[in-house]
Amino acid sequence: MAIRKIRLKGDSILKKKSRPVEKFDERLHQLIDDMIQTMKEENGIGIAAPQVGILRRIVVVKVEEDVHELVNPVITKTCGEQEVTEGCLSFPGRYGITKRPKEVLVEAKDRNDKKIALSGEGLLSAIICHEIDHLEGILFESRIVKEIEQEFLDKN
Ligand code: NI
């Protein structure tokens, strides 16, 4: 496993659309392992392949100790709406309030090309939506309805 370099705000790759994964091979497994390690190293709760410079439809989401790997994820159902405080590994120090579905159902493949489904509520729903947005080249800054000052976060 290796830590990969995170692409930061302003890198044009972040605004590109990712292609589906077609080969479920050792290279894919290596990439997913590296994404997980990179996310953990940066204390992130989610990461998408374009953030490490790979335009393929892969995301990893983490809630507490559970890490979910989603290859070619598709959101099949959403329910409700919530306001959440979001940040992004590609935007160090920037936070904002966004509106996301309260619940989401996603279908995907695992690293071995097996069909999986994941449902998320609350924070997990928001992370799933944030990461899948990355695959379309959509960044969370475009979803922000209210900016949050860093000083405010430090004090609370
Ligand atoms: Ni992000």
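All of the points below concern the structure found in this document. (Residues numbered from 1 in each chain as written. Predicted model: local features only at pLDDT ≥ 70, side-chain atom pairs only at ≥ 80, totals over all residues. Heavy atoms only, no water.)

Another point: the overall build of the chain. When helices and strands are counted, the chain shows three helices and eight strands. The order of α-helices and β-strands along the chain, N terminus first, is α-β-β-β-β-β-β-β-α-β-α. In terms of principal-axis extent, the alpha carbons of the chain reach across some 45 × 35 × 30 Å. The proportion of buried residues among the 156 residues of the chain is 45%. Taking contacts inside the chain between residues at least 6 apart in sequence as the whole, the part at least 24 apart equals 67%. For the chain, the exposed area adds up to about 8,800 Å²; of that, 47% sits on carbon and sulfur atoms. Here the chain contributes 26 positive and 28 negative side-chain charges, whose respective centroids are spaced 6 Å apart. (Helix = DSSP H or I, 4+ residues; strand = E, 2+ residues; numbered from the N terminus. Buried < 20%, exposed > 50% of the residue type's maximum accessible area, 1.4 Å probe, protein only. Contact = heavy atoms within 4.5 Å. Areas by Shrake-Rupley, 256 points an atom, 1.4 Å probe, with all protein chains shown as cover. Lys, Arg positive; Asp, Glu negative; His and termini not counted. Charge placed at Lys NZ, Arg CZ, Asp CG, Glu CD.)

Moving on, we come to the coordination of the nickel ion. Tetrahedral coordination by four donors puts the ideal angle at the metal at 109.5 degrees, and octahedral coordination by six puts it at 90 or 180 degrees. Every protein donor of the nickel ion is accounted for by Cys88 (SG), His130 (NE2) and His134 (NE2), and the metal-donor separations fall at 2.1 to 2.2 Å. Mapped onto the polypeptide sequence, the residues donating to the nickel ion form the spacing pattern C-x41-H-x3-H. Separated by 46 residues along the polypeptide, Cys88 in the loop between β4 (82-86) and β5 (95-100) and His134 in helix α2 (residues 122-135) bring together distant segments of the chain. No difference in accessibility class separates Cys88 from His134, as the two residues are buried. (Donors = N, O, S within 2.8 Å, 3.2 Å for Na, K, Ca; no water.)

Throughout the structure, instances matching the rule amount to 12 salt bridges. Across the pair Arg4 and Asp34 runs a salt bridge whose closest N-O atoms are separated by 2.8 Å. Placement of Arg4 in the segment before α1 (26-41) and of Asp34 in helix α1 is noted, with a sequence separation of 30 residues between them. In this structure, Arg100 engages Asp133 in a salt bridge whose closest nitrogen and oxygen atoms are separated by 2.9 Å. (Salt bridge = Lys/Arg side-chain N within 4 Å of Asp/Glu carboxyl O.)

Looking now at the nonpolar core. With 15 residues, the main nonpolar core has Ile32, Met35, Ile47, Ile58 and Val60 as its most contacted residues. Mapped onto this core, the elements with two or more residues apiece are α1 and β2 (58-63). Ranked by size, the runner-up nonpolar core spans 14 residues in total, among them Val61, Leu70, Ile128 and Ile132. (Core = buried A, V, L, I, M, F, W, Y, C linked by side-chain atoms within 4.5 Å.)

All we've got here are geometric facts, nothing functional implied.
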